Amino acid sequence: MSNRPVSSRYTDVVALVILLALVPAIAAHTPYYLRIATLAVVYMGWTVGFNLIFGHTKQLFLCLGALAGSAAYVTAVLSQQLQLSPWITIPIGVAAATGLGVLFSYVSVLRGLGVIFLGIVTLAFSLIFQNMVLGLRQFTNGETGLVTRDLGFPLLDHPVAAYYLFIAVLALALLVYCFVMDSRMGFAFRALSDDELTAELSGIDVTACKIVAAALGSTVFGLFGTLYGLYNGIVSPSLFSFVNVDIPVLISLLLGGMRTRLGPIVGAALFAVIEEFVRPFGQLSVLVYGVLLIVLFVAFREGLVVMLRKAFGFSQFRELFRSSG
Amino acid sequence: MIVQVESIYVSYGAAQVLRDVSLEARAGEAVAVIGPNGAGKTTLLRALIGMLRPTRGRIFYDGQVRNGLRAFETARLGMVYVPAEKELFPGMTVFENLELGSYCNVRDIPERLTYVFDLFPRLEERRHQLAGTLSGGEQQMVAIGRALMGYPKVLLLDEPSTGLAPKMVAELYRQLAKLKTAGLTLIVAEQQVPLVLSLTDRAYVLEQGAIRLSGKSADVRGNPEIKAAYLGVT
Amino acid sequence: MTATLLDGIVQGLQLSLLAVGITLIFGLGGVLNLAHGQFAVVGGVAAKLLLNLGVHPVLAGIGGVIGAGLFGLLVDRSLLLPAYRYRGEERLLLGLILTLGLSFVIDGYLNYAFSEFSLTLLLPIPLVQIAGIPMRTAGLTTSAIALVVFLALFVFLRWTLLGKTIRSIIENEVGAELCGIDPARTRTIIVGLAAMMAGLAGIAQGLFSSLGTEMGPEFTILGLLVAVVGGVRSLNGTLVAGVFLGIVNAFASRYIGAYVAFIILLSVAMATILLRPTGLLARFT
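Keep in mind it's a predicted model, so treat the numbers as computed, not measured. (Residues numbered from 1 in each chain as written. Chains lettered and ligands numbered in written order. Predicted model: local features only at pLDDT ≥ 70, side-chain atom pairs only at ≥ 80, totals over all residues.)

Moving on: the pairing of strand β10 (residues 210-216) of chain B. Moving residue by residue along a regular strand, the side chains alternate between the two faces of the sheet. Residues and elements named next belong to chain B. By the bridge criterion, 6 bridges tie strand β9 (residues 202-207) to β10 in an arrangement that is antiparallel. Of the residues in β10, the one forming a bridge with R202 is K216. Counting the residues in the hairpin turn of β9 and β10 gives 2 residues, including Q208, whose phi is positive at 50 degrees. (Pairing = 2+ DSSP bridges. Helix = DSSP H or I, 4+ residues; strand = E, 2+ residues; numbered from the N terminus.)

Shown next, in the form of structure tokens:
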């Protein structure tokens, strides 16, 4: 696996970036579609993060929206209250998300909490986040939301430039992912997702792996969260709710394929398309997501990427949809 | 022939644990399965009861093929398994544990309880105690007593002497002999070779997943290789 | 202050009623039901539909409870089958995701089909004086119902054969199977029973204040917290935890404020889970 030259190992990422970069050429004149594309990139980023947290290290964090939202709100509130530059507030916001993610991971590994407890604790945190935003009205403006229009980079006010910024961040996230998966840590992740006990017995520090995965994943959530909050012009609790973040990310990861490189991307892109079709149905869209979740987890657990890889045996396709584990 | 195992193969995932194993027991007979740790004795009993399914071969019980049955179905047909782990209900009383044993064949529970308490008087003293608080030997008695509550025709015992003091083991085997005289078919997997060979009519020696030797218990006991391998050590 | 305490106990009993179903389903099936709150809403919706048909309120309530129960049975025999094919943590994870999906299916459908739904049941006498403290009859009624249900449950589990069978499966599923017990069939019965109790809790909410179709997720998380704090395998623990958290919530709401109270509740629950993962009442192994 490590015999291939470095350049070919990242062809798929480069190809993807080029593909995504071409989108404004088609969509630049329709602000609606460009916005949808930008949002899709945000979700792609989040799904890459969740791939690390859940796909590789099986930590069921049900507080994804809260992680992203914590970063976004910390940044927005600090920028507004203390008039600090985004170059300062954004890292602080992201650090908040990272800190939370590491905390949950550390405590759960330390106490040997299984899937269920971590899921419940993070779900509880999801609610705590929502209630804190609503309760700290004097800072967060409660349900109406906080306007972020003048708080961020002027860059984010230009739709096309913003889009490219997000692409750049996504590319960065993907490269970090590839780098990690190609390293010894990545090898440990693969062993871990196969069989935790065996991995532990082979001398792999399962605790460290899980915490690192949680740290990286949460950082990704925080980064995309803050930038999204600034791009959106306004942050509100519903923007980062369980239904708006956790569910799409979970479905996207399952759709595209856990533990693969491009799975999160493909999944999120597909989800964006599905969402457009389902949106006019209002509440029924939630029903569709529920059905999707069930069907995916029962029947198509491996995700699209793996299915496509099996269907098309061609070597080029194999390269394009290469798995990381 | 109440129990007949015909050339079964059993594997745990990729590992082949039993290879071409055959065994039979007539009604009222006591049969021993001996062999070193890891030989596959527990696997054999589990396959019999239905906790594991053989990949090849057939298991006959009462004249019919019973490969696909689940453990609870086999229990209801009269073949009951007492595993080495006992699998009691720790938060429930001795009385409740025994009562549940009659689930597979609810009939004259009070009479059956008297029978079990006669066999194991210690249990009657402790009838309202939580099973989790009993000593190893007492738990073993509950496990066997529970198995007897449903009027079983065949009793599968996995290493019943484990963790018991020698006096208790002797007492236990005395009771097992009583059960045998009453007409119960016994299949006993054991580490304590001399004891089980004196209880049973026939024996099978299982090593590394295959039957190495089988025959009348007395003959097996007299076999020089067996003497050296098992009777010298125990 | 006593008023707050009593209020807390009333609320707590409601929480326990909601949570006991989760404890049962987890203890017997090894599945954490994330759609439990939705079972409660289904019960309320069924009751309201019967009310609209002119059925007497008490009968409508009973109908709602049975409706929720039947729904639970259906779910166990269909949706949860893939989960039961596995054991342990695999089953848990699959069950979690499946019931999560189910919760969205139910939520989505109910919010769409019954968007203006509300179940409000009024009692003829709204207030009653107990030892000089005015108490809402609704609260007393729901508490009485919850206590009766718990008592019936305890009696059922302790004295009947089916009850002991259920306890045995919770204690040791393998051991139960060796006794000739079919865990799958008992499980289905229990899921039905658990769903009935959730339905009852939903209808009780209609009695206590009012029930809306959007309350599903809130019920689920509250039920989960109480169940986990009490120890997911302990029914006594569920009762104790419910009352405990109910009192915490009542005092926090009264003396601090609604939002912060909820945060305190969640934090207390989280802290208990982290400090005592096996639950408030430790059990024998």
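Read on for the rest.
Moving on to the interface of chain A and chain C. Opposite the 30 residues of chain A that make contact, chain C presents 35 residues. Among the residues making up the side of chain A that touches chain C, the classes are represented as 22 nonpolar, 7 polar and 1 charged. (Contact = placed C-beta atoms within 7 Å. Nonpolar A, V, L, I, M, F, W, Y, C, P; charged D, E, K, R; others polar.)

Moving on, we come to the interface of chain B and chain C. Taken together, the contact between chain B and chain C spans 21 residues of the former and 17 residues of the latter. At the level of secondary structure, the elements contributing two or more residues to the side of chain B that touches chain C comprise α2 (71-76) and α3 (94-101) of chain B. Among the residues making up the side of chain B that touches chain C, the classes are represented as 12 nonpolar, 4 polar and 5 charged.

A few words now on the pairing of β9(B). Residues and elements named next belong to chain B. Most of β9 sits out of view: 5 of its 6 residues are buried. Strand direction decides the pairing type here: strand β3 (residues 30-34) and β9, joined by 4 bridges, are parallel. Within the sheet, the bridge partner assigned to V31 lies in β9 and is R202. (Buried ≥ 20, exposed ≤ 12 C-beta atoms within 10 Å, placed from the backbone.)

What holds strands together in a sheet is hydrogen bonding between their backbones, with the strands either parallel or antiparallel. Residue and element names in this part refer to chain B. Strand order in this open sheet of 6 strands is β6-β7-β8-β3-β9-β10, and the pairing throughout is mixed. Looking along the sheet, the strands with just one partner apiece sit at the ends: β6 (79-82) and β10. With direction set aside, neighbouring strand axes in the sheet form an average angle of 15 degrees. Pairing between strand β7 (residues 154-158) and strand β8 (residues 185-190): 5 bridges, direction parallel. In the sheet register, L155 faces β8, and the bridge partner there is L186. Along the sheet, helix α1 (residues 41-49) contacts β3, β6, β7, β8 and β9; its crossing angle with β7, the most-contacted strand, is approximately 150 degrees. (Axes fitted to C-alpha atoms, helices over the stretch in contact; angles between N-to-C directions.)

We now examine the sheet that holds strand β1 (residues 3-12) of chain B. Residues and elements named next belong to chain B. Taken together, the 4 strands give an open sheet; going across it, the order is β2-β1-β4-β5, and neighbouring strands pair in antiparallel fashion. With one partner strand each, in any of the chains shown, β2 (15-25) and β5 (64-65) form the two edges of the open sheet. Bridge count between β1 and strand β4 (residues 56-61): 5 bridges; the pairing is antiparallel. Considered in β4, the bridge of V5 is made with I59.

All names here are of chain B. Structurally, A39 is set in the loop between β3 and α1. The spatial distance from the C-alpha of A39 to the C-alpha of I211 is 9.6 Å, given a sequence separation of 172 residues. Residues contacting A39, with those up to four places away along its chain left out, are L206, E207, Q208 and G209.

This part is about unusual backbone geometry. Although it is not a glycine, K58(A) sits at a positive phi angle of roughly 55 degrees. Its place among the elements puts K58(A) in the loop between α4 (31-56) and α5 (64-82). For K58(A), a count of 18 C-beta atoms within 10 Å translates into the label partly exposed. Backbone geometry places E87(B), a non-glycine residue, at a positive phi of 50 degrees. When you line up the elements, E87(B) lands in the loop between β6 and α3.

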